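Next come the chains, spelled out residue by residue.
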Amino acid sequence: MLISSPPSLVTTAFCFASLELGKLEAQRQNFDRAKEYLLPLLNAGNRDKAFASLELGKIAVQERQYDLARDYFTSLEKPTGRTLASAKIELAKLEMLRGNANEARAYLNELT
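Keep in mind the model is a prediction, meaning the values are calculated, not measured.

Calculation rules
Throughout, residues of each chain are indexed from 1 in the direction in which the sequence is written. Local features in this predicted model are restricted to residues of pLDDT 70 or higher, and side-chain atom pairs are both shown and tallied only at a pLDDT of 80 or more, whereas totals for entire chains, interfaces and linings draw on every residue. Values reported for side chains reflect all heavy atoms of the structure, with hydrogen atoms and water molecules removed beforehand. Counting from the N terminus, the helices are DSSP H or I runs at least four residues long and the strands are E runs at least two residues long. Partly exposed describes any residue whose relative accessible area lies between the buried limit of under 20% and the exposed limit of over 50%, with all areas from a 1.4 Å probe on protein chains only and scaled to the type maximum. Whether two residues touch is decided by their heavy atoms; if any such pair falls within 4.5 Å, the residues are in contact. For this analysis, a salt bridge means a side-chain nitrogen from Lys or Arg found within 4 Å of a carboxyl oxygen belonging to Asp or Glu. Each residue after the first adds 1.5 Å to the expected span of a helix. All axes here are fitted lines through C-alpha atoms, helices being fitted over the stretch that makes contact, and every angle between N-to-C directions spans 0 to 180 degrees. The scheme is simple: roughly parallel for angles under 35 degrees, roughly antiparallel for over 145, roughly perpendicular for 65 to 115, oblique for anything else. Should the near helix be turned anticlockwise from the far one by less than a right angle, the crossing is left-handed, and should it be turned clockwise, the crossing is right-handed. Under the grouping applied here, Gly and all other residues not named as nonpolar or charged are polar, the nonpolar ones being Ala, Val, Leu, Ile, Met, Phe, Trp, Tyr, Cys and Pro and the charged ones Asp, Glu, Lys and Arg.

Whenever I open this one, the overall build of the chain confuses me. Can you help?
A tally of helices and strands in the chain yields 6 helices and 0 strands. Tracing the chain from N to C terminus, the helices and strands come up as α-α-α-α-α-α. Residues classed as buried in the chain amount to 34% of the 112 residues present. Partitioning the intrachain contacts of the chain with sequence separation of at least 6 by distance along the chain shows that 40% fall at a separation of at least 24.

Structure follows, in structure tokens:
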């Protein structure tokens, strides 16, 4: 007898695998391949979408697409404590890259 997994478990496993594969490809500087794994997660549940948005934002920074990175970091609809903090930190890093120390400080102050 074949035992099947509930659809939600399969979806969760697929999203987790896609996120991890996207992160791995990004670490290898294979940004196009990383995006192939991460972009579909933008249509997933809030948690998966949040983590994918953070990773896509990091990729956009690496590609010097700063406006796109900002869009990804600010697109979180209902960020959790962890994803909200991560987004604020990434926004602060982005503003530092742009030479906007005051804006970077403002993002970090939101976390205190």
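From this point, the discussion proceeds with the structure in view.
I would appreciate a short explanation of the pattern of salt bridges in the present structure.
Pairing is possible between side chains of opposite charge, provided their charged atoms come close. Enumeration over the complete set of coordinates arrives at 11 salt bridges. R47 is paired through a salt bridge with D48; the nearest N and O atoms lie 3.7 Å apart. Exposure remark for D48: the relative accessible area of 15% places this residue in the buried category. The closest approach of N and O atoms between R70 and E95, which form a salt bridge, is 2.7 Å.

Any chance you could explain unusual backbone geometry here in plain terms?
Backbone phi values are negative for most residues with the exception of glycine, while trans is the configuration of most peptide bonds. Positioned with a positive phi, Q29 is a non-glycine residue whose angle comes to about 70°. Assignment of secondary structure puts Q29 in the loop between α1 (7-27) and α2 (31-38). In this structure, R64 is a non-glycine residue whose phi angle is positive, near 60°. Take R64: its relative accessible area is 66%, and that puts it in the exposed class.

How should I be thinking about helix α5 (residues 81-97) in this particular structure?
Residues that lie three or four places apart on an α-helix share one face, since the helix turns once every 3.6 residues. Taking 1.5 Å of rise per residue, 17 residues should cover 24 Å, and α5 covers 24 Å from first to last C-alpha, within 8% of that figure. Turning to α5, its buried residues number three or more, namely T83, A87, K88, E90, L91, A92, L94 and E95. Against α3 (46-62), α4 (66-74) and α6 (101-109) lie the buried residues of α5. Immediately downstream of α5, the backbone of G99 shows phi near 85°, a positive value.

In this structure, what is going on with the packing of α2 against α3? I would like to understand it.
In helix packing, the relevant descriptors are the interaxial angle and the interaxial distance, both defined with respect to the helix axes. Relative orientation of the contacting elements α2 and α3 amounts to 160°, with a least axis distance of 10 Å. On the basis of their axis angle, the class for α2 and α3 is roughly antiparallel. Note that α2 runs across α3; the crossing there is left-handed. When α2 is examined against α3, the residues F31, A34, K35 and L38 are found in contact with a partner set consisting of A52, E55, L56, I59 and Q62. In terms of residue class, the contact of α2 with α3 is built from 6 nonpolar, 1 polar and 2 charged.

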